[in-house]
Amino acid sequence: MKEKNVIGIASDTTMLLGLNGYIKEDCLVIDDVMCASRKHTLEEDCEAFVHRFSLEGERMAVAAVSAYRCGGMEIPKLSRQEAKDMLHWQLEDTLEWDKDTYYSDFMLTMREEAGAKAGTDYLYWVVLPKVHVDALATGYFRGGGDVRIIDYWPSPLSRVFEETGAKALVWPEGEGWRLTVWRQDICYVSLYSGADEASLRQALQEAEQAIFLVGLSGIDGIYAYTEAVPYDGMSIEASEQVFPESLYNEYGMLSHASYQCTNRAVTYEEKGSMLWDMALGLVWRGLGMKTYD
């Protein structure tokens, strides 16, 4: 492995995919691909993955499919500790999960000192089940991996595109589509849409109205994945949907940020795969690189 490499490992209910990446002349290079089927518990599969590919001591950024909750809100300007305390009590009062069953984290984005939103910040929060986070951490650490980041599905997807504004990411769910809108690691919108074009178009219009309220000017582009993923315990099975090309014509298609594949990665690159993009986004984050301004 390279001296300053990071291995991004993404796992769904059937597969673990790892990408080894490093920076060379300001370019992301992916030079190895590691893939293994899920066979046992998440913890056991993570440990086995490290041993199988001799990843002991390697720096890792990891994520796996799980239930999660996220949200955002306008708050007055507070210290980070004050914001943390406020969020703690709010989640305890409003979240349907028991307070002892989840971990929470948050980020604050600062407002410009002008306009109607001057004097406020935007607080974005995420909660994950403790059993899920503990399984990831224990499995990789027990195998000997050096886990630096545990992210949540599907956040790393937002890092693989070069557009700087709001990005609409879509994938099949149940009999329809899951529509999410992201900017700089924050998911501002998550909506379920029916499978037909009219339903998806309406969902996109609702999403644009929602992001206008937080100061975003509109959707910069869409990217539609073809794989279905579990969501809050739903089956991975989904009916076959075809994304309407007319929506690409209207909103534009998001462009992947540039990177280079070498060695084994040239053969195994899976462009357009959600699992590949998840692992790729984890490498971007693990290396501290931004695909946007």
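Only a predicted model underlies this, so the values are computations on that prediction, with no experimental measurement involved.

Enquirer: Account for the packing of aromatic side chains, with residues named and values stated.
Expert: This structure, assessed with the given rule, holds nine aromatic pairs. Ring geometry for Y122 versus Y188: centroids 5.2 Å apart, planes at 40°, classification tilted. Remark: Y188 occurs in strand β11 (residues 186–193) and Y122 occurs in strand β7 (residues 120–129); sequence separation between them is 66 residues. Residue Y122 is classed as buried on the basis of its relative accessible area, which comes to 6%. By way of ring pairs, the aromatic residues Y68, Y152 and W182 are connected into one cluster. Its end group placed over the ring of F106, R80 keeps NZ or CZ at 4.1 Å from the ring centre.

Enquirer: Let's hear about the pairing of β7: which residues, and what values?
Expert: Of all 10 residues in β7, 10 are buried; the element is thus mostly enclosed. Side chains of β7 alternate between two faces, with T120, Y122, Y124, V126 and L128 and D121, L123, W125, V127 and P129 buried alike. One ladder, built from eight bridges, connects strand β5 (residues 69–76) with β7; its direction is antiparallel. Opposite M73, over in β7, you have L123 as the bridge partner.

Enquirer: Lay out the pattern of salt bridges with the relevant residues and their values.
Expert: On inspection of all chains with the given rule, the structure shows 13 salt bridges. Residues D146 and R148 are paired through a salt bridge, measuring 3.0 Å at the closest nitrogen-oxygen approach. For D185, the salt bridge identified is with R159, shortest N-O distance 2.9 Å. Taken as a pair, D185 in the loop between β10 (176–183) and β11 and R159 in the loop between β8 (146–150) and β9 (166–173) lie far apart in primary sequence, 26 residues in all.

Enquirer: I'd like a description of helix α7 (residues 274–286), backed by residues and values.
Expert: Here α7 is 13 residues long and its end C-alpha atoms lie 18 Å apart, about the 18 Å a rise of 1.5 Å per residue gives. For α7, the tally of buried residues reaches 11 of 13 residues, placing the bulk of the element in the interior. For α7, every residue scored as buried is listed here: M274, L275, W276, D277, M278, A279, L280, G281, L282, V283 and W284. One side-chain oxygen of the residue at the start of α7 lies 3.3 Å from the amide nitrogen of L275, identifying that residue as S273. With its phi angle positive at about 75°, G288 sits one or two positions after the end of α7.

Enquirer: Mind laying out the environment of G281, listing which residues take part and the relevant values?
Expert: Among the secondary structure elements, G281 is positioned in helix α7. A relative accessible area of 0% places G281 in the buried class. Separated by 254 residues in the primary sequence, G281 and C27 place their C-alpha atoms 14 Å from one another. Aside from chain neighbours lying at most four places away, what touches G281 is P156, R159 and V160.

Enquirer: Lay out the nonpolar core in plain terms, naming residues and giving numbers.
Expert: One recurring pattern in soluble globular proteins: nonpolar side chains tend to sit buried together. With 66 residues, the main nonpolar core has I30, V181, I222, F243 and L280 as its most contacted residues. Considering every element that reaches this core, the biggest residue donor is α7, with nine residues. When sequence neighbours within four positions are dropped, the list of residues in contact with L280 reads L19, L28, I30, V160 and Y259.

Enquirer: Before we move on, could you go through the pairing of β11 and cite the residues and values that matter?
Expert: Pairing of β10 with β11, which is carried by seven bridges, proceeds in the antiparallel orientation. Bridging from a neighbouring strand, R183 pairs with I186 of β11. In sequence, β10 turns back onto β11 through a hairpin of two residues, with Q184 there showing a positive phi of about 50°.

Enquirer: Tell me what's going on with the packing of helix α1 (residues 42–52) against helix α3 (residues 130–143), and back it up with residues and numbers.
Expert: Here α1 crosses α3 at 25°, and the two axes come no closer than 7 Å. When the interaxial angle is binned, α1 and α3 end up roughly parallel. Here α1 and α3 pass one another in a crossing that is right-handed. On the side of α1, the interface is formed by L42, E43, C46, E47, V50 and H51, while α3 contributes H132, A135, L136, T138, G139, Y140, R142 and G143.

Enquirer: Help me get a handle on helix α2 (residues 80–94), residues and values and all.
Expert: Along an α-helix, a turn takes 3.6 residues, which lines up residues three or four apart on a common side. Taking 1.5 Å per residue, 15 residues should reach 21 Å; α2 reaches 21 Å between its end C-alpha atoms and fits that length. Among the residues of α2, A83, L87 and L91 are the ones counted as buried. Along α2, the residues classed as buried sweep out an arc of 65° about the axis, all on the same side. Residues of α2 that are exposed and point over 90 degrees away from its buried face: W89 and D93.

Enquirer: Account for the sheet that holds strand β3 (residues 27–37), naming residues and giving values.
Expert: Overall, mixed pairing links the six strands, which are arranged β8-β4-β1-β2-β3-β13 in an open sheet. Looking at which strands have only one partner, the edges of the open sheet turn out to be β8 and β13 (260–261). Relative to strand β4 (residues 59–64), strand β1 (residues 6–11) runs parallel, the two being bridged by five bridges. What sits directly across from S11, in β4, is A64. Sheet strands in contact with α7 are β1, β2 (15–24), β3, β4, β8 and β13, and its direction is about 145° off that of β1.

Scoring rules and cut-offs
Residues numbered from 1 in each chain as written. Predicted model: local features only at pLDDT ≥ 70, side-chain atom pairs only at ≥ 80, totals over all residues. Heavy atoms only, no water. Phe/Tyr/Trp six-rings, centres within 6.5 Å; stacked < 30°, edge-to-face > 60°. Helix = DSSP H or I, 4+ residues; strand = E, 2+ residues; numbered from the N terminus. Buried < 20%, exposed > 50% of the residue type's maximum accessible area, 1.4 Å probe, protein only. Lys NZ or Arg CZ within 6 Å of the ring centre and 35° of its normal. Pairing = 2+ DSSP bridges. Salt bridge = Lys/Arg side-chain N within 4 Å of Asp/Glu carboxyl O. Expected span 1.5 Å × (residues − 1). Polar contact = N/O pair within 3.5 Å; in protein donor to acceptor, adjacent residues only side chain to side chain. Contact = heavy atoms within 4.5 Å. Core = buried A, V, L, I, M, F, W, Y, C linked by side-chain atoms within 4.5 Å. Axes fitted to C-alpha atoms, helices over the stretch in contact; angles between N-to-C directions. Parallel < 35°, antiparallel > 145°, perpendicular 65-115°, else oblique. Left-handed = near helix turned anticlockwise from the far one by under 90°. Arc of directions from axis to C-beta.

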